[in-house]
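An overview of the molecular structure
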Amino acid sequence: MKAPRSSMGSLLAAPAVLYMVVFFVVPSLILFVYSFWTAASYKIVPDFVFSNYLNSLMSPLFWTVTINAILIGLVTASITLVLAIPVGYYLVYVSRSQVILYLILITWFSSYLVRIYAWRTLLGTSGVLNTILIQAGIVDTPVGVFLFSRFAVAITLIHIYLPFCILLVVSSLSEIRKDIVDAARDLGASPLGAFFRVIAPNAASGLVGAFMLTFVMVAGDYVTPQMLGGSSGQTTGLLIADQFRKTGNWPLGAAQAFLMFLVSIVIYLAVMGIGRATGLVVKRRPARKAGG
Amino acid sequence: MTIRAPVIEITAAQKMFGSFQALSDINLSIEQGEIVTLLGPSGCGKTTLMRLLAGFEAVTAGTIRIDGKDCAGQPPERRPVNMVFQRYALFPHLDVFENVAFGLKVKGTPKAEIRERVQRMLHIVQLDSFANRYINELSGGQSQRVALARALVNGPKVLLLDEPLAALDLKIRQHMLVEMKRIHAETGATFVYVTHDQDEAMILSDRVVLMEKGRIVQVDRPETMYAAPKSLFAAKFLGETNLFEAAMASDDASGMTAVTGSGLRFHSSIVPAGELRGKAIVSIRPESFRFNRDNDTTQSATGQVEDVIFIGSRSFYTICLADGVRARVQVQRSTRTSLPKPGEKAEIFWDSENVVILPGS
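Since this is a predicted model, take the numbers as computed values, not measurements. (Residues numbered from 1 in each chain as written. Chains lettered and ligands numbered in written order. Predicted model: local features only at pLDDT ≥ 70, side-chain atom pairs only at ≥ 80, totals over all residues.)

What follows covers the interface of chain A and chain B. With 23 residues of chain A in contact, the opposing surface of chain B contributes 22 residues. Elements with a minimum of two residues in the side of chain A that touches chain B: α8 (178–186) and α9 (191–220) of chain A. Here the element with the most residues in the side of chain A that touches chain B is α8(A); it accounts for six residues. Looking at the side of chain A that touches chain B residue by residue, the class counts come to nine nonpolar, six polar and eight charged. (Contact = placed C-beta atoms within 7 Å. Helix = DSSP H or I, 4+ residues; strand = E, 2+ residues; numbered from the N terminus. Nonpolar A, V, L, I, M, F, W, Y, C, P; charged D, E, K, R; others polar.)

Structure (structure tokens):
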């Protein structure tokens, strides 16, 4: 075999590229094409209109649920990340134990729906939280706002996605050697200072990735908002799901999905921008050849 | 010499990891400006001792005083020591200048002062023109210099070096040893240097702290430790040596005598570390044997040359003395004296100041 280096490289990359094209690029493109079609009485008609986008953008409902989704997404992803970092730090640098990691992952063995119902039980008017508050004499009548609110949605989503976020944090921290943390401490940084000056900049891409993946999954989750969100906790994910499941307006759903996709990109850019401005995210220069 | 308080004073320090005794009964004081190496095989506790000094670990018992102050409970960032890590531990997201400036910046030093001190330090380690290079653009030797500069720029009372040359290849290692001595002279800092490499320890140190199994076995100047090891471990760990099993024969004003089972007599004028009785082990360095008689030489043995290894400036002879007792003899190349050839009979000579008698097991 005398294939030139470059063609050999493409050949080796081909399976991965093919996989991505078949299972990711093509479906996304189909959805993108759909978003310009029209729907009439549960039938999808090929077309080229912008009305799906324009109608969504002009609909107050779309804005309400999208802002809701963004808020729930940002708050949930931020809290999840903040909770995941200490756990990840402990797992990577202090305990170095796989057992705890597996214990965290075991929580995933319980059904997603079961956990949502568990929170309904905990937060409901006759739930554990209200019972405690009443028993403790803090409130006289059960508090109704715990359930069917953004609060309920956020706390449930944090609970569900925290193990996932911990995994992402662990993988991004494990690339950072403990001795640079020691070096930072040795040079006068406090434990928190070492985190912000050394760990955060080096783990930045991984941590931003963890944040964004959590955000995308949380903002796109449509089961939890449906079960716990009430009228104030509905999100775009639910709206999009309804277009596909109930009204049968796939083009509108596709357009709204792409708008959410844009929102995610804007938020990613904003997070990176904030990171750069605060110095937590540093652009690493590509390596030049080492000198003698 | 003026008498000063030691910059490091370790008293009865112990360290346990769970039920494992990593360090026991460590007593050591280090003077301002010294280069002290902690030398020992891996697992002897030398790195643990260094991490105790840096503040990454806490003593289980005993005290460590740095610059006169008991540093129990003091975290690494509050200790007047800085460390050079084994694999440099440079910050990959910062360039050379920012790496060196890190400590000063954390302490809120004014910008102009940071610039000046960092540049001066980069000059000392001869990296003036590398200030804006990133870490992944540096060679091993350059990374090592950055690590040194990053620690020294803070003006530590003590610089801790954890096997700093272990990751470098031999040629750069030898060069860096010379550099390290020069940098020590220029900065006047106290160096505590951890290594398992006896050559590094001998070349660099004012004093060597030899450790074995969590204990300090001997603290001495390198020459003294080489010439008069106080234990079999010290004799074997530093340099090469001949060991002969023997029994104590006599002990008089001029020294002691031990005799091997085959009747070889070794007389030593070195004052032993402890009481010697019964079984003994005699240690003589290969270069302490000679083939030519000196005027005042009193000790000798005859044997047969089994093997000769010629390595340029030196040759190594294996001489079979009596019933299978072998001596390794190192001689300098010489065109004046004729040296024995393999198979020939040879007489070897040695002096009592080169005979070390150690307690046998």
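This part is about the confidence of the model for chain A. All names here are of chain A. Looking at chain A as a whole, its pLDDT mean stands at 86, while 95% of the residues score no less than 70. The weakest mean pLDDT in chain A belongs to strand β2 (residues 43–45) at 83; the strongest belongs to α8 at 93. Note that pLDDT drops below 50 for residues 286–292; the model gives that stretch eight contacts with residues more than four away or on any other chain. (pLDDT = per-residue confidence, 0-100.)

Turning our attention to the environment of Asp307(B). Residues and elements named next belong to chain B. Take Asp307: it is sitting in strand β15 (residues 299–311). Residues Asp307 and Arg51, spaced 256 residues apart in sequence, show a C-alpha to C-alpha distance of 46 Å. Apart from the residues within four sequence positions on either side, Asp307 is in contact with Thr318 and Pro342.

The next subject is the nonpolar core. Within the largest apolar cluster, 160 residues are counted, with the highest numbers of intra-cluster contacts made by Val169(A), Leu53(B), Val100(B), Ala149(B), Leu160(B) and Val192(B). When we break this core down by domain, the ones giving at least three residues each are domain 1 (8–227) and domain 2 (240–359) of chain B. The residues contacting Val100(B), other than those within four sequence positions of it, are Val118(B), Met121(B), Leu122(B), Val146(B), Ala149(B), Arg150(B) and Val153(B). (Core = buried A, V, L, I, M, F, W, Y, C linked by C-beta atoms within 7 Å. Buried ≥ 20, exposed ≤ 12 C-beta atoms within 10 Å, placed from the backbone. Domains from an automatic or database assignment.)

In this section: the environment of Thr64(A). Residue and element names in this part refer to chain A. With respect to the helices and strands, the residue Thr64 is situated in helix α3 (residues 60–95). Since 15 C-beta atoms lie within 10 Å of it, Thr64 is described here as partly exposed. When the C-alpha positions of Thr64 and Thr235 are compared, they lie 8.2 Å apart, and in sequence the two are 171 residues distant.

Next up on the list: the packing of helix α5 (residues 112–123) of chain A against helix α7 (residues 150–173) of chain A. Relative orientation and spacing of two packed helices are given, respectively, by the angle between their axes and the distance between those axes. All names here are of chain A. Across the interface, α5 lies against α7 with an axial gap of 10 Å and an inter-helix angle of 135 degrees. It follows that α5 is oblique to α7 by the angle criterion. Like other packed secondary-structure pairs, α5 and α7 cross with a definite hand, here right-handed. Where α5 approaches α7, its residues Tyr112, Arg115, Ile116, Trp119 and Leu123 are matched on the opposing element by Ala152, Ile155, Thr156, His159 and Ile160. Partitioned by chemical class, the residues of the contact of α5 with α7 number seven nonpolar, two polar and one charged. (Axes fitted to C-alpha atoms, helices over the stretch in contact; angles between N-to-C directions. Parallel < 35°, antiparallel > 145°, perpendicular 65-115°, else oblique. Left-handed = near helix turned anticlockwise from the far one by under 90°.)

Domain annotation of chain B identifies domain 1 (8–227) and domain 2 (240–359). Between the C-alpha centres of domain 1 of chain B and domain 2 of chain B the distance comes to 39 Å.

Here we come to the sheet that holds strand β1 (residues 8–17) of chain B. Residue and element names in this part refer to chain B. Here four strands make up an open sheet; going across it, the order is β2-β1-β4-β5 and the pairing antiparallel. Two strands in the sheet have a free side with no partner beyond their single neighbour: β2 (20–30) and β5 (69–70). Pairing of β1 with β2, which is carried by seven bridges, proceeds in the antiparallel orientation. Considered in β2, the bridge of Ala13 is made with Ile26. (Pairing = 2+ DSSP bridges.)

All names here are of chain B. Taking strand neighbours across the sheet as the criterion, the four strands line up as β17-β16-β15-β18 in an open arrangement whose pairing is antiparallel. Only two strands of the sheet have a single partner each, and these edge strands are β17 (325–332) and β18 (345–350). Adjacent strand axes in the sheet meet at a mean angle of 45 degrees when their direction is disregarded.

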